[in-house]
Amino acid sequence: MLANTHIRASGYPPPRLELMRTSYPGRPEVGPAISRVLMDQVASGERMATARISRPGRVVAFGRRDTVSPGYPAAVAATARAGFLGMERLTGGRVAAHAEGTMVLTLTTPEAEPAHGTTERFRVGAELARSALEDIGIDARIGPVPGEYCPGDWSINGEGRIKLAGIGQRMIKGAVHVGFVIVASGSEAIRSALIPVHEALGLPWDPATAGAADDLLPGVTVDDVEAALLARLASGSELSPIELDAPTLELAVERSPRYRPPTAPDPGTHPVPG
């Protein structure tokens, strides 16, 4: 039986979570828009605490500091040339990239005083991701690797040398969003996108630090990583699968253009993104 001390000790994540799966690799801007709508719904009491699993595909995700950089238009152009789509994410941090072997887990929870639990949510979340990777045989550790992309104190690294996962938070009155990005495979594709994008933004980094779980454990898949992460989450929280309802999706699609880089092509308006 999996140990769940790291979850039970803090009360985070909460004991019950609704679990939905949503992936729109052709419309990556819909992802953060869904997260923002879920935050509003959880904050108002319209929706209970919610976990969401997605696989975003080939996407370069820009942070707020990237979007105000003089090199941002050139970075968006470099993203397209690399065969990736661009997205402005909900949480902070700097530019990151996802590929087909990347999975995203978000937790949206009600919080009366969101700012008071920031460090604890990072701590618990990082341990959740680290222990899930350890369960499948990865030497996973908490902490940044010097020269990593989207650096953060709560990054998850493999063997102390490559970045495997990152965590970000966004808070509003009454709710908190915690997002996990874990790379199971596809590190070469991620490097191919991030090298020209970092050059355009003028950001220093070491491409050798961009890694994936299968770099350390050949044959491991994104399905393996997702199963391990959900098993760890379920060891402390009851998960109830649900579908994303049409009104929430429609509202997210309506709001999604604000998360699309302004120089990126408009995918058009569709009631349900593909």
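Refer to the structure presented above.
Keep in mind that this is a model prediction, so the values were computed, not measured. Here the residue numbers are simple positions, counted from 1 along each chain's written sequence. Per-residue local features of the predicted model are confined to residues with pLDDT of at least 70, and side-chain atom pairs are confined, for both listing and counting, to 80 or more; whole-chain, interface and lining totals are unaffected and use all residues. For side-chain calculations, the full set of non-hydrogen atoms in the structure is used, while hydrogens and water are omitted.

S.K.: Before we go on, may I ask you to explain the overall build of the protein in this structure?
M.R.: Strands are runs of DSSP state E lasting at least 2 residues, helices are runs of H or I lasting at least 4, and numbering of each runs from the N terminus. Counting secondary structure elements, the protein contains 9 helices and 11 strands. To get the radius of gyration, use the C-alpha atoms; to get the globule rule, take the number of residues to the power 0.38 and multiply by 2.2 Å. Against the globule reference of 19 Å for 274 residues, the protein gives a C-alpha radius of gyration of 17 Å, in line with a compact fold. Overall, the protein is about 45 × 45 × 35 Å in size when its C-alpha atoms are taken along their principal axes. In the protein, which comprises 274 residues, the proportion classed as buried is 56%. Any residue under 20% of the maximum accessible area for its type is buried, any over 50% is exposed, and the rest in between are partly exposed; the area is computed with a 1.4 Å probe on protein chains only.

S.K.: Sorry if this is basic, but what is going on with the layout of surface pockets here?
M.R.: In this approach the atoms are scanned with a rolling probe the size of a water molecule, which exposes any empty space left behind. Approximately 800 Å³ is the volume attributed to the largest pocket. Detection works on a 1 Å grid of protein atoms alone, calling trapped sets that fit a 1.4 Å probe cavities and calling open sets with protein on both sides within 12 Å along at least five of seven lines pockets, with lining residues defined by an atom within 4 Å of a point. As for the largest pocket, its lining consists of 47 residues, of which Arg-89, Thr-91, Gly-168, Gly-179 and Val-181 are closest to the centre. Mapped by element, the contributors of at least two residues to the lining of the largest pocket are helix H2 (30-44), strand E2 (50-54), strand E5 (96-98), strand E6 (102-111), helix H5 (118-135), strand E9 (162-172) and strand E10 (174-183). Looking at the lining of the largest pocket element by element, the count peaks at 9 residues for E9. Grid points are joined across faces, edges and corners, and a volume is the space filled by probe spheres set on the points.

S.K.: Got a minute to help me understand unusual backbone geometry in this structure?
M.R.: Generally, phi is negative for residues other than glycine and the peptide bonds are trans, each holding for most cases. With an omega dihedral of -5°, the bond running from Tyr-12 to Pro-13 counts as a cis peptide bond. Summarising the element assignment, Pro-13 is placed in the loop between helix H1 (5-8) and strand E1 (16-21). Non-glycine residue Cys-150 carries a positive phi angle of around 40°. As for its position among the elements, Cys-150 is in the loop between strand E7 (140-142) and strand E8 (156-158). Note on Cys-150: relative accessible area 17%, which makes it buried. The backbone of Glu-159 sits at a positive phi, close to 55°, despite the residue not being glycine. Looking at the secondary structure, you find Glu-159 in the loop between E8 and E9.

S.K.: How should I be thinking about the pairing of E2 in this particular structure?
M.R.: For a regular strand, side-chain orientation follows a simple rule: the groups alternate between the two sheet faces. The buried fraction of E2 is high, at 5 of 5 residues. Neither face of E2 is open: one carries Thr-50, Arg-52 and Ser-54, the other Ala-51 and Ile-53, and all of them are buried. Across 5 bridges, E2 lies against E6 in antiparallel orientation. The residue bridging Thr-50 from the neighbouring strand is Thr-108, located in E6. Following DSSP output, two strands are said to pair if at least two bridges run between them.

S.K.: Quick question: what am I supposed to make of the packing of aromatic side chains here?
M.R.: Ring pairs (aromatic) are described by centroid distance and by the angle formed between their planes. For this analysis, a ring pair means two rings from Phe, Tyr or Trp (six-membered ring only for Trp) whose centres lie within 6.5 Å, classed as stacked if their planes differ by under 30 degrees, edge-to-face if by over 60, and tilted for the remaining angles. Within the structure shown, the criterion is met by 3 aromatic pairs. Taking 5.1 Å as the distance between ring centres and 80° as the angle between the ring planes, the aromatic pair formed by Phe-62 and Tyr-72 counts as edge-to-face. Here Tyr-72 lies in helix H4 (residues 72-81) and Phe-62 lies in strand E3 (residues 59-62), a separation of 10 residues in the sequence. According to the relative accessible area criterion, Phe-62 is buried, its value standing at 1%. For Tyr-72, a relative accessible area of 5% gives the class buried. Seen from their ring centres, Tyr-149 and Trp-205 are 6.2 Å apart, and the 85° between their planes marks the pair as edge-to-face. Separated by 56 residues along the polypeptide, Tyr-149 in the loop between E7 and E8 and Trp-205 in the loop between helix H6 (187-201) and helix H7 (213-216) bring together distant segments of the chain. On the accessibility criterion, Tyr-149 (5% relative accessible area) is buried.

S.K.: What should I look at first to understand H6 in this one?
M.R.: Residue pairs spaced three or four apart in an α-helix point in one direction, given the helix's 3.6 residues per turn. Compared with an ideal rise of 1.5 Å per residue, which puts 15 residues at 21 Å, H6 spans 20 Å between its outermost C-alpha atoms and is within 8% of the ideal. Bending of H6 peaks at approximately 25° at the position of Leu-194, with proline Pro-196 no more than four residues after it. For H6, every residue scored as buried is listed here: Ser-187, Ala-189, Ile-190, Ala-193, Leu-194, Val-197, His-198 and Leu-201. Remark: Gly-202 follows H6 within two positions and exhibits a positive phi of approximately 70°. To estimate the expected span of a helix, subtract one from its residue number and multiply by 1.5 Å. Here the bend at a residue means the angle between the axes of two seven-residue stretches, the one that ends at it and the one that starts at it.

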